[in-house]
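Chain and residue survey
Here is how the chains run, residue by residue.
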Amino acid sequence: MPESPPSGILRSWWPRLLVGAVLGVLLFAAESWLLLRSGVVGMDIPVDGPYAALMAAVRPVLPGLLLRIAAVYAVAGMVLAVAGTLLARAWGRGGVWATLGQGLLLFMLLAWDRAIARPALFDNLPALRSLLAWLVDHGEPWHPRAVLAAWLVAHAAVWVARTRQWRRAGWAGAALAGVAGLLVVGKGMAGRGAPAHPLVVVIGIDAFRPDRLKSQGGSGEVAPHVERLLEEATLFTRAYTPIAQTEPAWRSLLTARWPHETGVRYSLTSDSRMQLQRTFAESFSQAGWRTVFATDCSRFHAEGPASGFETRLQPPRGAVNFLLEKLRYRALGMFADHALGAAWLPEFIDNRALAGIHDPMGYAERLASRLVDEASQGPTLFAFHATAAHFPGDPVHPFYRRFVPASEPLERRLRMHFAPVSPGAKGGWNRAGAEALYDELIAQADAQVGTLLDALRRSGRYDDALILLLSDHGESFHADRADLAGATPVHGARLSDEENRILLAVKPPKGRGTAPALVDSLVRLVDVGPTLLELSGLPSLSDVDGVSLAPLLRGEDLGPLSLYAETGFTHVLPEVFDPGHWPGAPRSFDAYRIRPDGVVEMGPAAHARILQEKDVGAFDGQRWWVDRPQADGTVLRACQGDCEGLDALALEAWFDRVQGRTAAGGWRKVAGHVDDSGHPEPSGTLRAPKQLLRMRPGQRPGPAHPQPRGG
């Protein structure tokens, strides 16, 4: 009689598992060796200065992290050994070489699949460049899966023929089909009958420019899921952020206050500088709601307890996260890009900063499941910040074929390329290519949003949910500067429509109803919290700068609003856009410091210079008043737009009041803190009194009409 495959497998089970685990660990060792050769800072390379503090924070967690990675490799090796043994036994060949051959073939099919799905996983391997380029242009996910299916069918046919147990095989197939059918039916019935607890969903898409929307002049092809939501929502066509950088923008969003009142005025702000103010999330939490914040990238935006969210799902903050980007263990992106891998190594699998390893669509599916589960347990506020469009974005299939022409260099198509934002800098791309890649990344974030919204629809919670969709800032591709065409896009460098105009839309429960589809009134990011609280029937925040937009959603008049705004802190020197601007702020790693717990934050010396470097302005939809510190110690107040008449003067007076000055020109401390040296330091926009130079359109710059600041 022919040998029974199960008995043959049992006799060789443990030795083959051991061999598989050893091979997996050897692969881990080989990748580690390659990482050491590439110069990963801090693993065995002596460092000084701030890097020493970075490594001091990282080293305690590194051994445990590497052990968990090695365990994934070992388990993956054992799984391939089992699969290889099963396939080899189907042919009646139980030798080690047959098993290794089958396992190697499965490994190659898996790599083939992942190279098509997420080519950034292999984009820096020169030996595979030509093959990867072909796959990016011509590969489809069904190609390796079809080969695998054919291979498995062939093995199954051989096994059935060898064992001559057609009937048993038929019954087994029928049983498997029945189980699969039950699973499908059960999945389709999931969520039915769940209690309709109040649900508020806030979705932020990083760097989304509203001009990508069809109603705002776009093609309508970039964000189809957002477009579908807008069919039932009210879109605010003139919404603006007070600061075009994620961390300070979200702090203003949560507190409904201007950045100079929150103390968070650039990315990686020291916790000691944050003003502890009530957030709208805290109000929801104290009212008995479940409050959840999630993001797939926390390098420059992580929410802590001060955010008011009880549950925060995000990659680790600080030094460890910066190290993770260097630990490009590619096999993690092949073996662990699923729910089990995310549970074991969330800092890798649910971390967008790790190109190719992170699967954005798998992450969105897991997050959507979490959203539905949270919503079924009680009143829920669920906020998600999607960061796909943020540097250094890496589009996945099928998005990397959407808008960037196939004729562009492969490295440009798979990741944002850093080129210094300076006139005539080498390595610049073209603006059309840079915007096309941006559109692909926005489309990828839109697909993540669609996954969440579709999950709500399947669970029956979409219609009764209050959904607010926003972006924290826009993105500038330097359209007004031909000499910067193709340079790295930036946000937070200038006060402008490109960088400060944002997406803002609200879908009330049961849809828009009779509310207007478009609202053209100027609104601000700081208005989001008061709006959500009023629409949810919760007490409003007190003494804040934002107002509720509920009247506009009802078709009523709210009265004119004005925006206070300021620049952030970017890699771009301000004198690139304003030759006479005060430079000053350092842009090296020395500007930062590493706390003992590994958190990276801006140092006190750099903090003071960043505040001195900032442009601050006011906008009412018709004109900008902007204060720009100059290299000669003066402050240039420039007006753009309609700068004559009472409305212009009223905006300028409002601008002065917001900055904390009385009408007589005195200074008022709006908010303060004590820095690490123990000296009180204002956290507002306060500068030492300087000469203020006013300039209107058509007026030549110069010291004409100098007036004291605040006059």
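Remember, predicted model here, so these are calculated numbers, not experimental data. (Residues numbered from 1 in each chain as written. Predicted model: local features only at pLDDT ≥ 70, side-chain atom pairs only at ≥ 80, totals over all residues. Heavy atoms only, no water.)

**Section: the packing of helix 2 (residues 13-37) against helix 4 (residues 62-90)**
Interaxial distance between helix 2 and helix 4 falls to 7 Å at its minimum, and their mutual angle equals 135°. Our classification of the angle between helix 2 and helix 4 gives oblique. When you trace helix 2 past helix 4, the crossing you get is right-handed. Here Trp 13, Arg 16, Leu 17, Gly 20, Ala 21, Gly 24, Val 25, Leu 27, Phe 28 and Glu 31 of helix 2 come into contact with helix 4, specifically with Leu 66, Ile 69, Ala 70, Tyr 73, Ala 74, Gly 77, Met 78, Ala 81, Val 82, Thr 85 and Arg 89. When the residues that make up the contact of helix 2 with helix 4 are grouped by side-chain class, the tally is 14 nonpolar, four polar and three charged. (Axes fitted to C-alpha atoms, helices over the stretch in contact; angles between N-to-C directions. Helix = DSSP H or I, 4+ residues; strand = E, 2+ residues; numbered from the N terminus. Parallel < 35°, antiparallel > 145°, perpendicular 65-115°, else oblique. Left-handed = near helix turned anticlockwise from the far one by under 90°. Contact = heavy atoms within 4.5 Å. Nonpolar A, V, L, I, M, F, W, Y, C, P; charged D, E, K, R; others polar.)

**What to know about the pairing of strand 14 (residues 623-629)**
Counting buried positions along strand 14 yields seven of seven residues, so the element is predominantly enclosed. Summarising the sheet, strand 13 (residues 616-619) and strand 14 pair through four bridges and their orientation is antiparallel. In the strand pairing of strand 14, Phe 619 is matched with Trp 624. Both strand 14 and strand 15 (residues 635-641) contribute to a ladder of seven bridges, which runs antiparallel. Its bridge partner being in strand 15, Pro 629 is matched across the sheet by Val 635. Where strand 14 hands over to strand 15, the hairpin turn is made up of five residues, of which Gly 633 adopts a positive phi near 95°. (Buried < 20%, exposed > 50% of the residue type's maximum accessible area, 1.4 Å probe, protein only. Pairing = 2+ DSSP bridges.)

**Digging into the layout of surface pockets**
Here the idea is plain: a probe the size of a water molecule rolls over the atoms and shows the empty space left. The volume enclosed by the second largest pocket comes to roughly 540 Å³. Lining the second largest pocket we find 21 residues, and of these Ala 76, Val 79, Leu 110, Phe 335 and His 338 sit closest to its centre. When residues of the lining of the second largest pocket are traced back to their parent elements, those giving at least two are helix 4, helix 5 (96-117), helix 7 (142-163) and helix 15 (339-344). Broken down by element, the residue count for the lining of the second largest pocket peaks at seven residues, all from helix 4. (1 Å grid on protein atoms, 1.4 Å probe; cavity = no way out; pocket = protein on both sides within 12 Å on 5 of 7 lines; lining within 4 Å. Points joined across faces, edges and corners; volume = space filled by probe spheres on them.)

**A closer look at helix 17 (residues 360-375)**
With 16 residues, helix 17 ought to run about 22 Å at 1.5 Å a step, and its terminal C-alpha atoms sit 22 Å apart, in line with that. Taken together, the buried residues of helix 17 touch strand 1 (199-205), strand 3 (290-295), strand 4 (311-313), strand 5 (380-386) and helix 19 (431-459). (Expected span 1.5 Å × (residues − 1).)

**Overview of the pairing of strand 5**
With seven of seven residues buried, strand 5 lies mostly within the body of the structure. Covered by surrounding structure in strand 5 are Thr 380, Phe 382, Phe 384 and Ala 386 together with Leu 381, Ala 383 and His 385, the residues of both alternating faces. The pairing of strand 1 with strand 5 spans seven bridges and is parallel. Residue pairing across strands places Val 200 opposite Leu 381, the latter belonging to strand 5. As judged from the six bridges shared by strand 3 and strand 5, these two strands associate in the parallel manner. Of the residues in strand 5, the one forming a bridge with Ala 294 is Phe 384.

**Some remarks on unusual backbone geometry**
Across the junction of His 397 and Pro 398, the peptide omega takes the value 5°, indicating a cis bond. Mapping Pro 398 onto the fold places it in the loop between strand 5 and helix 18 (410-414). Even without being glycine, Lys 510 reaches a positive phi, approximately 70°. By secondary structure assignment, the location of Lys 510 is in the loop between strand 8 (504-507) and strand 9 (518-524). According to the relative accessible area criterion, Lys 510 is exposed, its value standing at 68%. The phi torsion at Asp 543 lies on the positive side, around 55°, for a residue other than glycine.

**Some words on the nonpolar core**
If you look at the biggest cluster of nonpolar residues, it comprises 57 residues, and the most contacted ones within it are Phe 236, Phe 280, Phe 284, Leu 381, Leu 504 and Leu 532. No other element matches the five residues that helix 24 (residues 646-658) contributes to this core. Excluding residues within four positions of it along the chain, Leu 532 makes contact with Val 200, Val 202, Phe 280, Phe 284, Leu 466 and Leu 468. Within the second largest apolar cluster, 48 residues are counted, among which are Leu 199, Ile 205, Met 416 and Trp 429. (Core = buried A, V, L, I, M, F, W, Y, C linked by side-chain atoms within 4.5 Å.)

**With respect to the side chain of Arg 501**
Here Arg 501 shows up in strand 7 (residues 501-502). Buried within the structure, Arg 501 lacks any salt-bridge partner; Asp 497 is the closest side chain of opposite charge, at an N-O distance of 4.8 Å. (Lys, Arg positive; Asp, Glu negative; His and termini not counted. Salt bridge = Lys/Arg side-chain N within 4 Å of Asp/Glu carboxyl O.)

**Some remarks on the confidence of the model for the protein**
In the predicted model, the protein carries a mean pLDDT of 84, and 83% of its residues have values of at least 70. Taken as a whole, residues 169-194 scores under 50 in pLDDT and shows four contacts with residues more than four places along the chain or in a different chain. Note on residues 662-689: pLDDT is under 50 here. Beyond four places in sequence and across chains, it has 65 contacts. (pLDDT = per-residue confidence, 0-100.)

**Concerning the pattern of salt bridges**
Considering all chains together, one arrives at 39 salt bridges under this definition. Between Asp 211 and Arg 209 there is a salt bridge, with the nearest N and O atoms lying 2.6 Å from each other. The class of Asp 211 is partly exposed, set by a relative accessible area of 23%. Here Glu 435 ties to Arg 212 by a salt bridge, and the two come within 2.6 Å at their closest N and O atoms.

**Concerning empty space enclosed by the protein**
All told, the structure shown has five cavities of 30 Å³ or more when counted by the stated rule. Roughly 100 Å³ of internal volume is contained in the largest cavity. Broken down by class, the residue content of the lining of the largest cavity amounts to seven nonpolar, three polar and two charged.

**A word on the packing of aromatic side chains**
Taken as a whole, this structure holds 15 aromatic pairs when the rule is applied. With a centroid separation of 5.6 Å and 40° between ring planes, the pair formed by Phe 293 and Phe 309 is classed as tilted. You can see Phe 293 sitting in strand 3 and its partner Phe 309 sitting in the loop between strand 3 and strand 4, a full 16 residues away along the chain. In terms of burial, Phe 293 and Phe 309 fall into one category: buried. (Phe/Tyr/Trp six-rings, centres within 6.5 Å; stacked < 30°, edge-to-face > 60°.)

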